[in-house]
Amino acid sequence: MEKLFGKDLSVMAYRARLLAVDAIHRAKSGHPGGSLSCLDALTTLYFNEMNLNPDDPGWPDRDRFVLSKGHCAPALYAVLALRGFFPVEELQKLRSIEGHLSGHPDMKHVPGVDMSTGSLGQGLSTAVGMALAAKHLGKAYRSYAICGDGEVAEGQIWEAVMAAAKWDLDNLCVFIDVNGLQIDGATRDVMPTEPLDKKLEAFNWHVIKIDGHDVSQILAALSEARRTKGRPTAILMATVKGKGVSFMENQAGWHGKAPNDDEFAIAKAELESKIKELEEN
Ligand SMILES: Cc1ncc(C[n+]2csc(CCOP(=O)(O)OP(=O)(O)O)c2C)c(N)n1
Ligand SMILES: [Mg+2]
């Protein structure tokens with residue numbers, strides 16, 4: 001596959017947004033808010049950064065990815081389908097007994113899913129394990145993860161952060177999706193997790209802060225992470241929960257709710273017009 005850059009990455013991210021919201025609408029359940037906020041990062045990982053082979057999802061030398069905030073599975077499924085791991089039509093069977101796409105990622109049934117997640121806080125530990133395994137095996141593959149800004153209130157996250165620093169895991173790169181919201185309100189009200197940069201630096205991580213919807217900043221951060229030796233990198237990305245669908249943006253109420261038919265019609269029109277605008281400019 002030719003790597004995507006710039007506008008082509010943004011178009012792909014918006015196509016994935018439309019597929020994710022469409023799947024949640026059909027399923028009548030799922031998590032649109034956090035799926036939409038992390039899709040520029042996810043798309044950049046799968047269409048530029050990561051070394052993968054969709055024809056051989058278990059290729060031992062592939063880069064690894066863990067969606068630690070597993071409730072955002074629709075975003076991961078949309079990107080995996082667009083990248084060729086399984087047919088895009090499968091997305092229409094999200095959360096259906098007819099299909100293989102559960103509400104949270106399942107590594108046993110979905111090609112391209114490296115780790116089953118959904119219980120917040122656990123995924124990052126497995127990404128640490130994958131990076132540590134690469135070091136032990138002398139392999140060049142890298143390990144990536146995406147965590148939520150609410151998720152990092154879990155104590156296990158900080159055990160993983162500590163362990164990654166102990167083993168100098170410079171082959172580990174973690175995005176934290178700082179959208180300011182978690183399940184039923186602002187992260188700072190439910191459990192304040194900031195200042196994340198100072199906390200992670202105190203744990204001896206390299207920290208980069210970016211706009212999580214600017215693909216050029218995402219690409220530059222990933223490149224800086226690859227050049228950083230002797231310690232893991234955290235990319236703190238400022239994002240908008242519900243990005244791309246006006247009535248979902250910055251609304252905690254859209255954390256885990258499916259749009260009805262009328263709402264989906266509006267979401268679809270907005271996302272399609274954004275795709276058209278990007279393609280034309
Ligand atoms: C251990 C655990 N506790 C609670 C939940 C329920 N839960 C699902 S999503 C969520 C909020 C997550 O917020 P955040 O990490 O900020 O995700 P995002 O905003 O990106 O959707 C919670 C509490 C869970 N999945 N796992
Ligand atoms: Mg959040």
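Refer to the structure above for everything that follows.
Small disclaimer: the values here were computed from a predicted structure and weren't measured.

*Asks:* What exactly am I supposed to notice about the coordination of the magnesium ion (ligand 2) here?
*Replies:* Around a metal, the idealised angle for a tetrahedral arrangement of four donor atoms is 109.5 degrees; for an octahedral arrangement of six donor atoms it is 90 or 180 degrees. The magnesium ion (ligand 2) binds to the protein through Asp149 (OD), Asn179 (OD1) and Leu181 (O), with metal-donor distances spanning 2.1 to 2.2 Å. Summarised as a motif, the one-chain spacing of the donors to the magnesium ion (ligand 2) is D-x29-N-x1-L. Taken together, the positions of Asp149 in the loop between β2 (143-148) and α6 (155-166) and Asn179 in the loop between β3 (172-178) and α7 (187-190) put the pair 30 residues apart, joining distant regions of the chain. By the burial criterion, Asp149 is buried, and Asn179 matches it.

*Asks:* How should I be thinking about the site of ligand 1 in this particular structure?
*Replies:* Residues in contact with ligand 1 amount to 17 residues; listed here are only the nearest, Lys69, His71, Asp149, Glu151 and Lys241. With respect to ligand 1, the side chain of Lys69 contributes an N or O atom lying 2.7 Å from an oxygen atom. A distance of 2.8 Å separates an oxygen atom of ligand 1 from a polar side-chain atom of Asp149. If ligand 1 stood free it would expose 600 Å²; the protein chains cover 78% of that surface. Taken together, the residues of the shell around ligand 1 break down into three nonpolar, nine polar and five charged.

*Asks:* Explanation requested: α6 in the structure shown.
*Replies:* Structurally, the α-helix is built with 3.6 residues per turn, so residues lying three or four positions apart point the same way. If you check α6, its first and last C-alpha atoms are 17 Å apart, about what twelve residues at 1.5 Å a residue would give, namely 16 Å. When α6 is considered as a whole, its buried residues turn out to be Ile157, Trp158, Ala160, Val161, Ala163, Ala164 and Ala165. The elements touched by buried residues of α6 are α5 (123-137), β2, β3 and α8 (196-202). In the segment just after α6, Asp168 is the residue with positive phi, at about 50°.

*Asks:* Where do I start with the sheet that holds strand β1 (residues 64-67) in this structure?
*Replies:* As a general point, the strands of a sheet are linked pairwise by backbone hydrogen bonds and lie either parallel or antiparallel. Ordered by their spatial adjacency, five strands build an open sheet running β1-β2-β3-β5-β4, and the pairing between neighbours is parallel. What marks the edges here is a single partner per strand, and that holds for β1 and β4 (206-211). Strand after strand, the sheet turns through a mean of 20° between neighbouring axes, direction not considered. As paired strands, β2 and β3 are joined by six bridges and run parallel to one another.

*Asks:* Would you mind showing me how to read helix α10 (residues 261-280) here?
*Replies:* Here α10 spans 28 Å end to end across 20 residues, near enough to the 28 Å set by a 1.5 Å rise per residue. Restricting attention to buried positions, one finds in α10 the residues Phe264, Ala267, Leu271, Ile275 and Leu278. In a view along the axis of α10, the buried residues occupy a sector of 70°, so they form one face of it. Facing away from the buried side of α10, by more than 90 degrees, are the exposed residues Asp262, Lys276 and Glu280. Looking at the buried side of α10, the elements it contacts are α1 (6-27). One side-chain oxygen of the residue at the start of α10 lies 3.1 Å from the amide nitrogen of Asp262, identifying that residue as Asn260.

*Asks:* Would you take a moment to explain the packing of aromatic side chains for this structure?
*Replies:* The geometry of two aromatic rings is summed up by the distance between their centres and the angle between their planes. Taken as a whole and judged by the stated rule, the model has three aromatic pairs. Seen in terms of ring centroids, Phe247 and Trp254 are 5.4 Å apart; in terms of plane orientation they differ by 65°. Their pairing is edge-to-face. We classify Phe247 as partly exposed; its relative accessible area is 24%. Owing to a relative accessible area of 7%, Trp254 belongs among the buried residues under this scheme. It is Arg64 that lies over the ring of Tyr141; its NZ or CZ is 4.0 Å from the centre.

*Asks:* When you look at the packing of α1 against helix α4 (residues 73-82) in this model, what are you seeing that I'm missing?
*Replies:* Angle between the axes and distance between the axes are the two parameters that describe a pair of packed helices. Their axes nearest at 8 Å, the elements α1 and α4 cross at an angle of 125°. Between α1 and α4, the angle is such that the two are oblique. Regarding α1 and α4, the two cross each other, and that crossing is right-handed. Here Met12, Arg15, Ala16, Leu19, Ala20 and Ile24 of α1 lie close against α4, whose contacting residues are Pro74, Ala75, Ala78, Val79 and Leu82.

Calculation rules
Residues numbered from 1 in each chain as written. Chains lettered and ligands numbered in written order. Predicted model: local features only at pLDDT ≥ 70, side-chain atom pairs only at ≥ 80, totals over all residues. Heavy atoms only, no water. Donors = N, O, S within 2.8 Å, 3.2 Å for Na, K, Ca; no water. Helix = DSSP H or I, 4+ residues; strand = E, 2+ residues; numbered from the N terminus. Buried < 20%, exposed > 50% of the residue type's maximum accessible area, 1.4 Å probe, protein only. Near = heavy atom within 4 Å. Polar contact = N/O pair within 3.5 Å; in protein donor to acceptor, adjacent residues only side chain to side chain. Areas by Shrake-Rupley, 256 points an atom, 1.4 Å probe, with all protein chains shown as cover. Nonpolar A, V, L, I, M, F, W, Y, C, P; charged D, E, K, R; others polar. Expected span 1.5 Å × (residues − 1). Contact = heavy atoms within 4.5 Å. Pairing = 2+ DSSP bridges. Axes fitted to C-alpha atoms, helices over the stretch in contact; angles between N-to-C directions. Arc of directions from axis to C-beta. Phe/Tyr/Trp six-rings, centres within 6.5 Å; stacked < 30°, edge-to-face > 60°. Lys NZ or Arg CZ within 6 Å of the ring centre and 35° of its normal. Parallel < 35°, antiparallel > 145°, perpendicular 65-115°, else oblique. Left-handed = near helix turned anticlockwise from the far one by under 90°.

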